[in-house]
Amino acid sequence: MTETPKIIAIDGTFASGKGTLAKRLAAHYGLAYMDTGKLYRATAKATLDAGGDPDIEKDASKAAKSLGKRNLDEMLSDPTLKSGPIGAAASKVAVHPAVRAALLDLQRDFADQGAVLDGRDIGTVICPDADVKLYVDAKPEIRAERRHKELLGYGEEISFETVLAQLQERDARDMGRKDAPLKPAEDAHYLDSSHLSIDEAFKGACRIIDAVMAGKFDA
Ligand code: C5P
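Procedures and definitions
- Residues numbered from 1 in each chain as written.
- Predicted model: local features only at pLDDT ≥ 70, side-chain atom pairs only at ≥ 80, totals over all residues.
- Heavy atoms only, no water.
- Pairing = 2+ DSSP bridges.
- Helix = DSSP H or I, 4+ residues; strand = E, 2+ residues; numbered from the N terminus.
- Axes fitted to C-alpha atoms, helices over the stretch in contact; angles between N-to-C directions.
- Salt bridge = Lys/Arg side-chain N within 4 Å of Asp/Glu carboxyl O.
- Buried < 20%, exposed > 50% of the residue type's maximum accessible area, 1.4 Å probe, protein only.

S.K.: I'd love a proper account of the sheet that holds strand S3 (residues 115-119), names of residues and values included.
M.R.: Here we have five strands laid out as an open sheet, ordered S2-S3-S1-S4-S5, and parallel in their pairing. Here the strands that pair on one side only, and so sit at the sheet edges, are strand S2 (32-35) and strand S5 (189-192). Shown here is a sheet whose adjacent strand axes are inclined to one another by a mean of 20°, direction ignored. Direction of pairing for strand S1 (residues 7-12) relative to strand S4 (residues 132-137): parallel, over a ladder of five bridges. Along S4, the bridge assignment pairs Ala9 with Lys133.

So this is what it looks like as structure tokens:
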């Protein structure tokens with residue numbers, strides 16, 4: 001019988017569909033799930049709420065350290081974390097090494113129970129020994145279209161062109177930072193979700209995971 005994975009690391013670009021995929025995989029394999037982007041979003045929100053500046057490392061790391069002292073479930077279920085401005089501020093606080101260091105143990109401790117984690121540096125930094133690593137990406141225009149629809153659903157008035165420009169700016173910041181830049185781990189399996197439905201992406205990911213666990217991945 002194929003072994004069940006204990007840790008699945010899912011990294012990828014913004015609005016690539018990795019969050020939806022990660023949640024479904026967690027339910028399918030009976031694992032806990034963490035959207036690690038929310039830790040950076042919560043850090044950004046706490047920085048702004050305290051009157052701090054996301055670009056200043058001291059302000060952001062103070063906020064990141066304060067997260068460990070709060071109720072994690074409650075904090076991460078705050079619906080305002082999903083807004084566009086908080087996402088942009090999240091990618092600013094995520095540049096600072098002191099912020100990343102403050103959030104490291106939280107993520108590793110969570111992974112220890114058996115989990116799917118999605119983010120930008122899960123396979124490269126947080127869980128380098130994960131059983132399976134996926135890197136999910138899609139064309140920028142397709143991701144921008146998905147995100148645009150999502151933001152309109154939240155009642156935000158924003159044009160497609162603005163969403164695309166913000167997304168490209170975010171990609172550049174996430175991929176260009178010195179500490180834990182977004183990139184596929186060497187042993188990550190690439191999944192292009194550009195033309196896949198949620199179901200197709202899920203099935204494709206399960207095929208990869210099951211093949212890796214059975215020791216017969218040859219794609
Ligand atoms: O995935 P999400 O859009 O919620 O992430 C918000 C921001 O948090 C990302 O743009 C990225 O800068 C940062 N992040 C990160 N490392 C992670 C997860 C998110 O740097 N593991």
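The rest of the description comes next.
S.K.: Explain the pattern of salt bridges to me, and be specific about the residues and the numbers.
M.R.: Under the defined criterion, the tally for this structure stands at 12 salt bridges. The partner of Lys45 in a salt bridge is Asp49, with the nearest N and O atoms 3.4 Å apart. Of this pair, Lys45 and Asp49 both sit in helix H2 (residues 37-49), four residues apart, which is roughly one turn of the helix. The exposed category is assigned to Asp49, whose relative accessible area is 58%. Where Glu169 meets Arg173, a salt bridge forms, and the shortest distance between an N and an O atom there is 3.2 Å. Within this pair, Glu169 and its partner Arg173 are both found in helix H9 (residues 160-176), separated by four residues, close to a single helical turn.

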